[in-house]
Amino acid sequence: QNLVLKFNKMVDPKEGKIEVGVKESKALTNLVTLKVIEFPMINLLWLGVIVMVLGMIFSVIQRLKIDKRTYK
């Protein structure tokens, strides 16, 4: 819990490789702690969101077409 991470430099920007420095410290500092969680199926979730939005748009368009025919 006394570890400090520092991003030193970009090693290869094309591949997204970076150099990370690590140091251990006993001194108390006022820092923000971040917890990083990687969700392996996040792309599947986004695909589901896109499908739902497209379905809603198609539904609204279809309903507008039906309403236009019934009011003529």
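Residues numbered from 1 in each chain as written. Predicted model: local features only at pLDDT ≥ 70, side-chain atom pairs only at ≥ 80, totals over all residues. Heavy atoms only, no water.

**Some remarks on the overall build of the protein**
Filter applied, for reference: Secondary structure elements are defined from DSSP: runs of H or I of at least 4 residues count as helices, runs of E of at least 2 residues count as strands, and each element is numbered from the N terminus. With the radius of gyration taken over C-alpha atoms, the globule rule is written as 2.2 Å times the number of residues to the power 0.38. With a 1.4 Å probe rolled over the protein chains alone, any residue whose accessible area is under 20% of its type maximum counts as buried; one over 50% counts as exposed, and the rest are partly exposed. Each accessible area is a Shrake-Rupley estimate made with a 1.4 Å probe; only the visible protein chains count as cover when residues are assessed. By the counting scheme adopted, Arg and Lys are positive, Glu and Asp are negative, and His together with the chain ends is not counted. Where a charge lies is defined by one atom per residue type, namely NZ (Lys), CZ (Arg), CG (Asp) and CD (Glu).
Across its full length, the protein carries one helix and two strands. Reading the protein from its N end, one meets helices and strands in the order β-β-α. Taken over C-alpha atoms, the radius of gyration comes to 25 Å for the protein, far larger than the 11 Å a tight globule of 72 residues would show. With the principal axes as the frame, the protein shows a C-alpha extent of 75 × 30 × 20 Å. For the protein, the residues scored as buried account for 3% of the 72 residues in total. Roughly 7,800 Å² of accessible area belongs to the protein as shown, and the carbon and sulfur atoms make up 64% of that amount. Taken as two groups, the 12 positive and 6 negative side-chain charges of the protein have centres that lie 12 Å from each other.

**What to know about the pairing of strand E1 (residues 3-12)**
Quick reminder of the rule: Strands are labelled as partners when DSSP assigns at least two bridges between them.
The buried fraction of E1 amounts to zero of the ten residues, a small share that puts the element mostly on the outside. In this structure, E1 lies alongside strand E2 (residues 17-24), joined through eight bridges in antiparallel fashion. From the neighbouring strand, Lys9 faces E2, where its bridge partner is Glu19. The loop that links E1 with its antiparallel partner E2 comprises four residues; one of these, Gly16, has a positive phi angle of about 75°.

**Regarding the pattern of salt bridges**
The condition is simple: The salt bridge criterion pairs a side-chain nitrogen of Lys or Arg with a carboxyl oxygen of Asp or Glu, the two atoms within 4 Å.
The full count for this structure, using the stated rule, is one salt bridge. Ionic pairing is found between Lys17 and Glu15, a salt bridge with its closest N-O pair at 3.4 Å. Residue classification places Glu15 among the exposed residues on the basis of a relative accessible area of 56%.

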